[in-house]
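For reference, the chains in residue letters:
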Amino acid sequence: MRNIAIIPARSGSKGLKDKNIMLLNGKPLMAYTIEAAIESRMFDEVFVSTDSEKYAEIAREYGASVPSLRSEDLSSDTASSWDVVKEALERYEEHGQFFDSFTLLQPTSPLRKVEDIVKAYNLFQERDANAIVGVTEAEHSPLWCGTLPEDQSLVGFFKSEHANQPRQKLEPYFRINGAIYIVKTDYFIKVKDIYESKCYAYVMSRETSIDIDTAFDFIIAGILAEHVMKGIQ
């Protein structure tokens, strides 16, 4: 099987300017994902999709392939990662390169480990899955969440009779962490939703599941990075 890692790294982030190349403990953010993908040895190609030549140069410096820049249509903040994947696959096909599967690795998840990529791919093969998606246990049960009226009254806040129980007695919930998506290419082309059939979860630790969107996330990632990379959890 031929496999490609697709790393989307747009330059126009509004929440945290140039976050994909911000230095996290001395290294550009997207470099963590590029290096993990290469070190995993799971891919025939590690491709960075970007709209910036500056970003492209950094990506190439760390070993990624950037044969061309992303199209203008997909350079806005309204473009989805799946649109980026579709364009990447089409461009490679135009040059006679076809891939049986792709792995979407967002650079905003820098603490995913090489072993996470390898184990997720092994699960993909063992289950003969159409898709594998990274998840982590939710920090708090959604049973503890609710909306507030204008007067901020908590009367009727809990919608479940089980919500008032200790955390240890509540059933664990999981959230998609955005760190790993492995999908069969032909399946991706045929469906509108990758979760339609034979899609399984790959469970990751909370430490490796951090998703950087804000300055606060970036600070926390910096603190965690040394511990995670050294195997201290």
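Everything here concerns the structure above.
A few points on the structure. Since this is a predicted model, take the numbers as computed values, not measurements. (Residues numbered from 1 in each chain as written. Predicted model: local features only at pLDDT ≥ 70, side-chain atom pairs only at ≥ 80, totals over all residues. Heavy atoms only, no water.)

### Thoughts on helix α1 (residues 29-40)
Rule in force here: We call a residue buried when its accessible area falls under 20% of the maximum for its residue type, exposed when it is over 50%, and partly exposed in between, using a 1.4 Å probe and counting protein chains only. Numbered from the N terminus, helices here are DSSP runs of H or I no shorter than four residues, and strands are runs of E no shorter than two.
Summarising burial for α1: nine of the twelve residues are buried, a large majority. Regarding α1, the residues found buried are L29, M30, A31, Y32, T33, I34, A36, A37 and S40. Once α1 finishes, R41 follows within two positions and takes phi at roughly 60°, a positive value.

### Considerations on the packing of aromatic side chains
Quick note on the threshold: By convention, a stacked pair of Phe, Tyr or Trp rings (six-membered ring in the case of Trp) has centres within 6.5 Å and planes under 30 degrees apart, an edge-to-face pair has planes over 60 apart, and any other such pair is tilted.
In this structure the tally under the stated criterion is eight aromatic pairs. Measuring from ring centre to ring centre gives 5.5 Å for F47 and Y92, while their planes differ by 90°; the resulting arrangement is edge-to-face. Within this pair, whereas F47 is found in strand β4 (residues 45-49), its partner Y92 is found in helix α3 (residues 81-94), the two being separated by 45 residues in sequence. Neither residue differs from the other here; F47 and Y92 are each classed as buried. Aromatic pair W82 and F102: ring centres 6.4 Å apart, planes at 65°, arrangement edge-to-face. Within this pair, whereas W82 is found in helix α3, its partner F102 is found in strand β5 (residues 101-104), the two being separated by 20 residues in sequence. On the accessibility criterion, W82 (27% relative accessible area) is partly exposed. Look at F102 and you get buried, because its relative accessible area is 0%.

### A word on the pairing of strand β7 (residues 174-184)
Working note: regular strand, side chains alternate between the two faces of the sheet. To be explicit about the condition: Whether two strands pair comes down to DSSP finding at least two bridges between them.
Of all eleven residues in β7, eight are buried; the element is thus mostly enclosed. As paired strands, strand β6 (residues 131-137) and β7 are joined by six bridges and run antiparallel to one another. Residue V133 lies in a different strand from β7, and its bridge partner there is Y181.

### Re the packing of α1 against helix α4 (residues 114-126)
Helices that pack against each other are described as a pair by the angle of their axes relative to one another and the distance between those axes. Convention followed: Where helices are involved, their axes are fitted lines through C-alpha atoms of the stretch in contact, as for all axes, and angles between N-to-C directions lie from 0 to 180°. When an angle is under 35 degrees it counts as roughly parallel; over 145 it counts as roughly antiparallel; between 65 and 115 it counts as roughly perpendicular; any other value is oblique. If you view the pair so one helix is near and one far, a crossing is left-handed when the near helix is turned anticlockwise from the far one by less than a right angle, and right-handed when it is turned clockwise. By definition, residues are in contact when any of their heavy atoms lie within 4.5 Å.
Between α1 and α4, the shortest axis-to-axis distance is 8 Å and the interhelical angle comes to 50°. It follows from the interaxial angle that α1 and α4 lie oblique. Note on packing geometry: the crossing formed by α1 with α4 is right-handed. Mapping the contact onto sequence places A36, A37, E39 and S40 in α1 and V114, I117 and V118 in α4.

### Quick look at the nonpolar core
Convention followed: Here, nonpolar core means buried Ala, Val, Leu, Ile, Met, Phe, Trp, Tyr and Cys residues that are tied together by side-chain atoms lying within 4.5 Å of each other.
Core analysis: the largest hydrophobic core is formed by 31 residues, its most contacted members being M30, F43, V48, L105, I132 and I180. Elements with a contribution of two residues or more to this core: β1 (3-8), α1, β4, α2 (53-61), α4 and β7. Among the elements that make up this core, the one with the highest residue count is α4 (five residues). Counting residues in each nonpolar core, the second largest holds 18 residues, with F47, F102, A131 and V191 among its members.

### What about unusual backbone geometry?
Notably, N25 is not glycine yet its phi reads approximately 50°, a positive angle. Position of N25 relative to the elements: it lies in the loop between β2 (23-24) and β3 (27-28). Residue R41 is not a glycine yet carries a positive backbone phi of 60°. In this structure, R41 sits in the loop between α1 and β4. Its relative accessible area of 75% is what places R41 among the exposed residues.

### So, the pattern of salt bridges
For side chains of opposite charge, pairing can occur when their charged atoms come near one another. Condition: We define a salt bridge as a contact between a side-chain nitrogen of Lys or Arg and a carboxyl oxygen of Asp or Glu at a distance within 4 Å.
Applying the stated criterion to the full structure yields ten salt bridges. For K19, the salt bridge identified is with D213, shortest N-O distance 3.5 Å. Residue K19 is located in the loop between β1 and β2, and its partner D213 is located in the loop between β8 (199-203) and α6 (215-229); the two are separated by 194 residues in the primary sequence. Relative accessible area serves as the criterion here: at 12%, K19 is assigned to the buried category. Exposure remark for D213: the relative accessible area of 45% places this residue in the partly exposed category. In this structure, the salt-bridge partner of R175 is E139, at a minimum N-O distance of 3.1 Å.

Interpretation in functional terms is not warranted from these geometric data alone.
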